[in-house]
Amino acid sequence: MLELVNLKKAFGSHVVLDDISLTVPTGEIVSILGPSGCGKTTLLNVILGLTELTSGKIIYDGVDLSSVPMKKRGFNIVFQDFALFPNLNAYDNIVYGLRNNKNASTPAEVNDLIDLLNLREHLSKRIDELSGGQKQRVAIARTLVMKPKVLLLDEPLSALDGLIKESIKERIKTIARQFNLTTIIVTHDPEEALSLSDRVLILNNGKVAQYAEPKTIIHAPESSFIKDFILKQLMIKRDNIFRLFDSTMPAVPAMSYMQTAAASA
Amino acid sequence: MQFLGRERPELKLSFLLCALFLALILAYPLFSILRLAFIGEQGFTLSYITDALTRDSFYTAFLNSFKVSALVALLATAIGFFAAYGLSFCAFKNKTRSLIEVVLLLPLFLPSITYGFAVIYSFGRQGLITRAIGQLPFSIYGFAGLVIAGVIYTLPPAFMIMQNSFAYVDRNFVTVSKVMGDGLLRQFYQTALRPTLGSLVSAFILAFFLNFTDFGIPTSIAGRYDVIATRLYATMMGAVPDFNNGSVIALSMLIPSIISVVILRRCSRLNFRYNKISKEPPAPNRLRDTCFGTFYALLSLLLIGVFAIIFIVPFVKSWPYQAYFTLDTIRRVFAENDIAGTYINSLGVAAASALCGTALCYLAGMVNARSKLPGWCKALMDIFAMVTNIVPGMVLGVGFLFAFSGTALANTFAILVLANVVHFFTTPYLMAQQAFSKMNAGFETTAALMGDTWFQTLRRVVIPNSFGTILQMFSYLFVNSMVTISAIVFLVGAYTQVTTSKIKELQYFEKFDAIFTLSVLIFITNVAVKLLIDGYGAYQRHRQNHSAK
Ligand SMILES: Nc1ncnc2c1ncn2[C@@H]1O[C@H](COP(=O)(O)OP(=O)(O)OP(=O)(O)O)[C@@H](O)[C@H]1O
Ligand SMILES: [Mg+2]
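Small disclaimer: the values here were computed from a predicted structure and weren't measured.

Regarding the overall build of chain B
Okay, so step 1: From N to C terminus, chain B includes 25 helices and four strands.
Okay, so step 2: The C-alpha atoms of chain B give a radius of gyration of 25 Å, which matches the 24 Å a tight globule of 549 residues would have.
Okay, so step 3: The buried share of chain B, taken over its 549 residues, is 54%.
Okay, so step 4: Nonlocal contacts in chain B, meaning residues at least 24 apart in sequence, comprise 81% of its contacts between residues at least 6 apart.
Okay, so step 5: By element, 66% of the accessible surface of chain B is carried by carbon and sulfur atoms, the whole surface being about 24600 Å².
Okay, so step 6: Distance between charge centres in chain B, computed from 41 positive and 23 negative side chains, equals 9 Å.

Topic: the overall build of chain A
Okay, so step 1: Broken down by element type, chain A carries 10 helices and 10 strands.
Okay, so step 2: Here the C-alpha radius of gyration of chain A, 20 Å, is about what a compact globule of 265 residues would show, namely 18 Å.
Okay, so step 3: Seen through its principal axes, chain A has C-alpha atoms that stretch 60 × 50 × 30 Å.
Okay, so step 4: Counting all 265 residues of chain A, 50% fall into the buried class.
Okay, so step 5: In chain A, the proportion of contacts linking residues at least 24 apart, taken out of those at least 6 apart, comes to 66%.
Okay, so step 6: Separation of charge centres in chain A, based on 30 positive and 29 negative side chains, amounts to 3 Å.

Here's the deal with the side chain of His122(A)
Okay, so step 1: Take His122(A): it is sitting in the loop between α4 (107-116) and α5 (132-145).
Okay, so step 2: You can call His122(A) buried: its relative accessible area is 8%.

Side note on the pairing of strand β6 (residues 75-78) of chain A
Residues and elements named next belong to chain A.
Okay, so step 1: The two faces of β6 match: Phe-75 and Ile-77 on one face and Asn-76 and Val-78 on the other face are all buried.
Okay, so step 2: Bridge analysis of β6 against strand β7 (residues 150-154) gives four bridges, and the strand direction is parallel. Directly across from Val-78, in β7, lies its bridge partner Leu-153.

Description of the sheet that holds strand β1 (residues 2-11) of chain A
All names here are of chain A.
Okay, so step 1: Judged by pairing direction, the sheet is antiparallel, and its four strands sit side by side in the order β2-β1-β4-β5 without closing on themselves. Each edge of the open sheet carries a strand with a single partner, namely β2 (14-24) and β5 (63-64).
Okay, so step 2: Helix-sheet contacts for helix α1 (residues 40-48) involve β1, β2 and β4 (55-60), and the interaxial angle to β1 is about 120°.

A closer look at the packing of helix α3 (residues 56-89) of chain B against helix α14 (residues 286-312) of chain B
Residue and element names in this part refer to chain B.
Okay, so step 1: With their axes 10 Å apart at the nearest point, α3 and α14 run at an angle of 135° to one another. Taken together, the axis directions place α3 and α14 in an arrangement best described as oblique. The chirality of how α3 crosses α14 is left-handed. From α3, Ile-79, Phe-82, Ala-83, Ala-84, Tyr-85, Gly-86, Leu-87 and Phe-89 reach across to α14, where they touch Arg-288, Phe-292, Phe-295, Tyr-296 and Leu-299.

Concerning the site of ligand 1
Residues and elements named next belong to chain A.
Okay, so step 1: Ligand 1 sits among Phe-11, His-14, Val-16, Ser-36, Gly-37, Cys-38, Gly-39, Lys-40, Thr-41, Thr-42 and Glu-155.
Okay, so step 2: Note that an oxygen atom of ligand 1 is positioned 2.7 Å from one of the side-chain N or O atoms of Lys-40.
Okay, so step 3: For ligand 1, an oxygen atom lies 2.6 Å from a polar atom in the side chain of Thr-41.
Okay, so step 4: For ligand 1, whose accessible area on its own is 640 Å², the fraction buried by protein is 57%.
Okay, so step 5: The biggest single contributor to the shell around ligand 1 is α1, with three residues.
Okay, so step 6: Grouping the constituent residues of the shell around ligand 1 by class yields three nonpolar, six polar and two charged.

Looking at helix α10 (residues 197-213) of chain B
All names here are of chain B.
Okay, so step 1: Helix length check: α10 (17 residues) gives 24 Å between terminal C-alpha atoms against 24 Å at 1.5 Å per residue, within 8%.
Okay, so step 2: With 12 of its 17 residues buried, α10 lies for the most part within the structure.
Okay, so step 3: Residues of α10 that are buried include every one of Gly-198, Ser-199, Leu-200, Ser-202, Ala-203, Ile-205, Ala-207, Phe-208, Phe-209, Asn-211, Phe-212 and Thr-213, and no others.

A few points about the confidence of the model for chain B
Residue and element names in this part refer to chain B.
Okay, so step 1: A residue-level look at chain B finds 97% of positions with pLDDT of 70 or above and a mean pLDDT of 90.
Okay, so step 2: Ranking the elements of chain B by mean pLDDT puts helix α8 (residues 172-179) last with 73 and helix α19 (residues 413-423) first with 97.
Okay, so step 3: Prediction confidence for the complex, expressed as pTM and ipTM, is 0.87 and 0.81 respectively.

Points about the pairing of strand β9 (residues 199-204) of chain A
All names here are of chain A.
Okay, so step 1: When strand β3 (residues 29-33) meets β9, the two strands line up parallel, connected through four bridges. Paired with Ile-32 across the two strands is Leu-201, which belongs to β9.
Okay, so step 2: Bridge count between β9 and strand β10 (residues 207-212): five bridges; the pairing is antiparallel. When the bridges of β10 are listed, Leu-201 appears paired with Tyr-211.
Okay, so step 3: Taking the residues between adjacent antiparallel strands as the criterion, β9 and β10 are bridged by two residues, where Asn-205 takes a positive phi near 55°.

A look at the packing of aromatic side chains
All names here are of chain B.
Okay, so step 1: One pass over the full model with this rule turns up 44 aromatic pairs over all chains.
Okay, so step 2: Both rings, one in Tyr-115 and one in Phe-307, keep their centres 5.6 Å apart while their planes meet at 80°; by these two values the pair is edge-to-face. Of the two residues, Tyr-115 sits in helix α5 (residues 112-123) while Phe-307 sits in helix α14, which places them 192 residues apart along the sequence.
Okay, so step 3: When its relative accessible area of 6% is taken as the criterion, Phe-307 is described as buried.
Okay, so step 4: On the basis of an interplanar angle of 85° and a centroid distance of 5.3 Å, the ring pair of Tyr-121 and Phe-516 is categorised as edge-to-face. Taken as a pair, Tyr-121 in helix α5 and Phe-516 in helix α25 (residues 512-547) lie far apart in primary sequence, 395 residues in all.

Topic: the pattern of salt bridges
Residue and element names in this part refer to chain B.
Okay, so step 1: By the definition in use, this model includes 25 salt bridges over all chains.
Okay, so step 2: Among the salt bridges present, the one from Asp-51 reaches Arg-55, with a minimum N-O distance of 2.9 Å.
Okay, so step 3: For Asp-51, a relative accessible area of 31% translates into the label partly exposed.

Procedures and definitions
Residues numbered from 1 in each chain as written. Chains lettered and ligands numbered in written order. Predicted model: local features only at pLDDT ≥ 70, side-chain atom pairs only at ≥ 80, totals over all residues. Heavy atoms only, no water. Helix = DSSP H or I, 4+ residues; strand = E, 2+ residues; numbered from the N terminus. Rg over C-alpha atoms; globule rule 2.2 N^0.38 Å. Buried < 20%, exposed > 50% of the residue type's maximum accessible area, 1.4 Å probe, protein only. Contact = heavy atoms within 4.5 Å. Areas by Shrake-Rupley, 256 points an atom, 1.4 Å probe, with all protein chains shown as cover. Lys, Arg positive; Asp, Glu negative; His and termini not counted. Charge placed at Lys NZ, Arg CZ, Asp CG, Glu CD. Pairing = 2+ DSSP bridges. Axes fitted to C-alpha atoms, helices over the stretch in contact; angles between N-to-C directions. Parallel < 35°, antiparallel > 145°, perpendicular 65-115°, else oblique. Left-handed = near helix turned anticlockwise from the far one by under 90°. Near = heavy atom within 4 Å. Polar contact = N/O pair within 3.5 Å; in protein donor to acceptor, adjacent residues only side chain to side chain. Nonpolar A, V, L, I, M, F, W, Y, C, P; charged D, E, K, R; others polar. Expected span 1.5 Å × (residues − 1). pLDDT = per-residue confidence, 0-100. Phe/Tyr/Trp six-rings, centres within 6.5 Å; stacked < 30°, edge-to-face > 60°. Salt bridge = Lys/Arg side-chain N within 4 Å of Asp/Glu carboxyl O.

Written out as structure tokens, the structure reads:
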């Protein structure tokens, strides 16, 4: 179980994260959602240990990690641009961590991982010969070889297109279930967040706007910000799609929703 | 090291190392010059400045340098512009294209002091070119010689700047301009002159600066025509050295450099960049292609005509009277003068300078582009790069002389290496910095999460992914250390002669066969090193591409 207690992060006088407290049960997928600049990446880096906290605590399974350095926390991250090493091929990237810690995974485990992520036929390719989705999977495999306690993903889907996005989404879910791996995903796409995760953390201006299961967020949004910025987007998207598939479906709900939202704001 | 914030100790250490080292070998020598220029027996004084400024010889030398450099810069920029223009807009075969480039860049592999002698030999009374076009109506010593040698010296860098600029000029512009009904002149302005205006100014300024601060050419060909470089040398190393006056002259050399840097910063804004490099070759045009073909032929003939003499003299009995092939001359030259010893010294100094310089620039680039050290640490590296860029070699040499004479460093090879490392710091530093800023920002964090120490990441990821740049840095430093004279001429001792300073010494004895032999050695070495390094880089890339399969 990962607990964040009154996290605060400021760059100089600019407060980016303000009093963030929440609990992530082991094995759950949590999405961090919010507009650009609201502090999503910063929160991820703080959990990882890359960025120092201003105040507050990060506790994992009862151990306070706040002042434990990044390398010793046992968390791992997949960056948005993957950060694969171009001088090594796909396979050497995947097993990079084994050079330093031979026992992180057994050969059989590595093999399973390769099959699970469908990478077998790409192992000897150079990084620049891989497609975006393949790079993504190599980066995830490389991280999983290290058996992290918490897996952090920064906008893992934003560099991918349509169909690949859906398949990676499914893979992330499978992995989290199979390894009982706590996974925290940054995204700015509400649809992605709500369809992928067990819980969604909505940030606005560095504060928690709501932290709840997707259903709760849809049916009981806690603030006008969530209604205006998150649900409105989803409504428009839904209506567009309905209209495409079934022209008899009126576009009324979103419109009326927006009007009520505007009235309540 | 708390004041350096939260960063790996290795990077903090790299920063401290770079900063202290550069302070010692850059800031301290410059400070020594200031001290000699402003501090007399009774403390602070302006008397050395006023003293220097009341001497006519100072004004004459300064003005002469100014005149020569302005004319040189104008000519080199114009020639460089048309050379680059032709390559960009004419339909030449790729082979022709590379050949022209190679010929134009050839002078880079020779020391500037050699150009002077080559020009004397080619335009002198018995010279190859004099024979071809007849006696020149003026003496080659002095103004004319300085201008000719200066143009040869500054043409390669001017050409490179212009060529780089033309690479970004969209040739579709020509079509657009034609369609709009522009006349020829207007078309030329719109499609060639205006887009490269910023680079033209840059090329001019750079050529001016290079020529103003060069020592090799004036020492070989200026004769009694006084320029600032020879004035400084005479003041410092003459029969009655005057260090206070020398330091004032050295400071005066900084003035054009500082102005250059300010202008260069400004005119980078004049450039407009198209974001794609035009690939499709230009359409053939008989008249234009013939004109430029002739232009290149003449230019190449001139350059080769000047340089040919360097490769002829060592291999004939006695130029020009007994001009038949023999190895006697070269044998005699090797036997009489300590050519082999000097050459080995040079190789050692160049290799050591290249190694140390590459390491220093690499670390400094890393501090600047790949660390989370406080902003002032990164800015400090940039400031060092800017200052080393401003300070001419001669000024650096004078500073080193003041700062380190009497210390254990004096008259050692180490001081030559140190001088070269600061002298040529800027370019390899910028190469490293650029390579680092293009490199994925997540490498270090990712590797650290995989259990790497900083050194392991450096060895396994950072160095392999910047290997091409490292080779280029090394090659740049090596070639420049081989051909430089301006800083080290103040620092070589009796037992630490290198080829360029030896050439200067041989000049007193008028041993031109030995001078040209050394020049040939330098040239061959530089070309060999360049080819080897480029070849090795290509091989590495090839291997990396294929080992993956
Ligand atoms: N190292 C830093 N120094 C100063 N300010 C920073 C630093 N890193 C981030 N910030 C600021 O913190 C705020 C949050 O940045 P962050 O990168 O966490 O946003 P984000 O939610 O990830 O945005 P995006 O969706 O655009 O990626 C921004 O205002 C940013 O300017
Ligand atoms: Mg972000």
